[in-house]
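The residues making up each chain are set out below.
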Amino acid sequence: MQLDLSRDVAADPEAVWAVLTDIPSAHRTLSGVLAVEILTPGPYQPGLRWRETRRMFGMKSTEEMMVLAAEPPNATTIVAENGGTEYKTVFTISPHADGGSTLRMRFGAHTAHAPAASRVAMMVMGRFAERSTRRAMEQDLADIAAEAERRVG
C-alpha cells in the first residue's frame, strides 16, 4: 500500500514542524490517537521511540514508532513494524511565498517479511484497508494543520 497526501497550512514550516514533532502531545492534537507512551525520553531526533495507540478498523491498535530521520523544519521519516509488515511515513514541509506551507505525507506498508496468511489477508482487505488508512491520514493532516494554525493565531 502506498499513499501520498498533502494539505496546505496557513502557518510557516517551523510552526508545522513544532506540531508534527510534539509526540508527547499527539494524543491531544490527533483525533485518531488515543494514547502515547514515550519509550526513549529526549528531543525529537533519530532513534526517538514511542508507542502510539489508535482506533483503526473499529479496534484499538498499538504500534511502536521510531524516528528514522529528522531534518528540521523540512522533513522527517517515521518507521514501525508489526507482524512482518514494515510501515514508513515520510513527512515533508514546504514553505509558501505567502508565509504558509504545504504538509505532505507519504505512507507505505511493505509486507515482504509478513507471514503468508498476513499477505493474503492484506490482499483481500487491501481496498478497505487503504480507504480507512487514507481517511485516518487525511484527518491527521487536518488535525496538524488546525493545531499549527491555532498556535500562530
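Coordinates for the structure precede this section.
Residues numbered from 1 in each chain as written. Predicted model: local features only at pLDDT ≥ 70, side-chain atom pairs only at ≥ 80, totals over all residues. Heavy atoms only, no water.

(A) Representation of helix 1 (residues 13-20) within the structure. The buried count for helix 1 comes to six of eight residues, which makes it a mostly enclosed element. For helix 1, the complete set of buried residues consists of Pro13, Ala15, Val16, Trp17, Val19 and Leu20. (Buried < 20%, exposed > 50% of the residue type's maximum accessible area, 1.4 Å probe, protein only. Helix = DSSP H or I, 4+ residues; strand = E, 2+ residues; numbered from the N terminus.)

(B) Broad picture of the packing of aromatic side chains. Here the structure, examined in full by the defined rule, presents two aromatic pairs. Centroid distance Trp17 to Tyr44: 5.8 Å. Interplanar angle 85°. Geometry classified as edge-to-face. Note that Trp17 is positioned in helix 1 and Tyr44 in the loop between strand 2 (33-38) and strand 3 (49-56), a separation of 27 residues in sequence. For the residue pair Trp17 and Tyr44, the accessibility class agrees, reading buried in each case. Ring geometry for Tyr87 versus Phe107: centroids 6.0 Å apart, planes at 20°, classification stacked. In this pair, Tyr87 is assigned in strand 6 (residues 85-95) and Phe107 in strand 7 (residues 101-110), connecting sequence segments 20 residues apart. Classification of Tyr87 as partly exposed rests on a relative accessible area of 25%. (Phe/Tyr/Trp six-rings, centres within 6.5 Å; stacked < 30°, edge-to-face > 60°.)

(C) Geometry of the nonpolar core. Of all hydrophobic cores here, the largest spans 31 residues; its most connected members are Val9, Val16, Tyr44, Trp50, Phe91, Leu103 and Ile144. Taken together, the elements giving at least two residues each to this core come down to strand 1 (2-9), helix 1, strand 4 (59-71), strand 5 (75-82), strand 6, strand 7 and helix 3 (116-152). (Core = buried A, V, L, I, M, F, W, Y, C linked by side-chain atoms within 4.5 Å.)

(D) How the structure looks around the pairing of strand 7. Counting buried residues in strand 7 gives seven out of 10 residues, a clear majority hidden from the surface. Relative to strand 7, strand 1 runs antiparallel, the two being bridged by eight bridges. Paired with Leu3 across the bridge in strand 7 is Phe107. By the bridge criterion, 10 bridges tie strand 6 to strand 7 in an arrangement that is antiparallel. Bridge pairing in strand 7 links Ser94 to Thr102. Where strand 6 folds back onto strand 7 in an antiparallel hairpin, the turn is made up of five residues, including Gly99, whose phi is positive at roughly 100°. (Pairing = 2+ DSSP bridges.)

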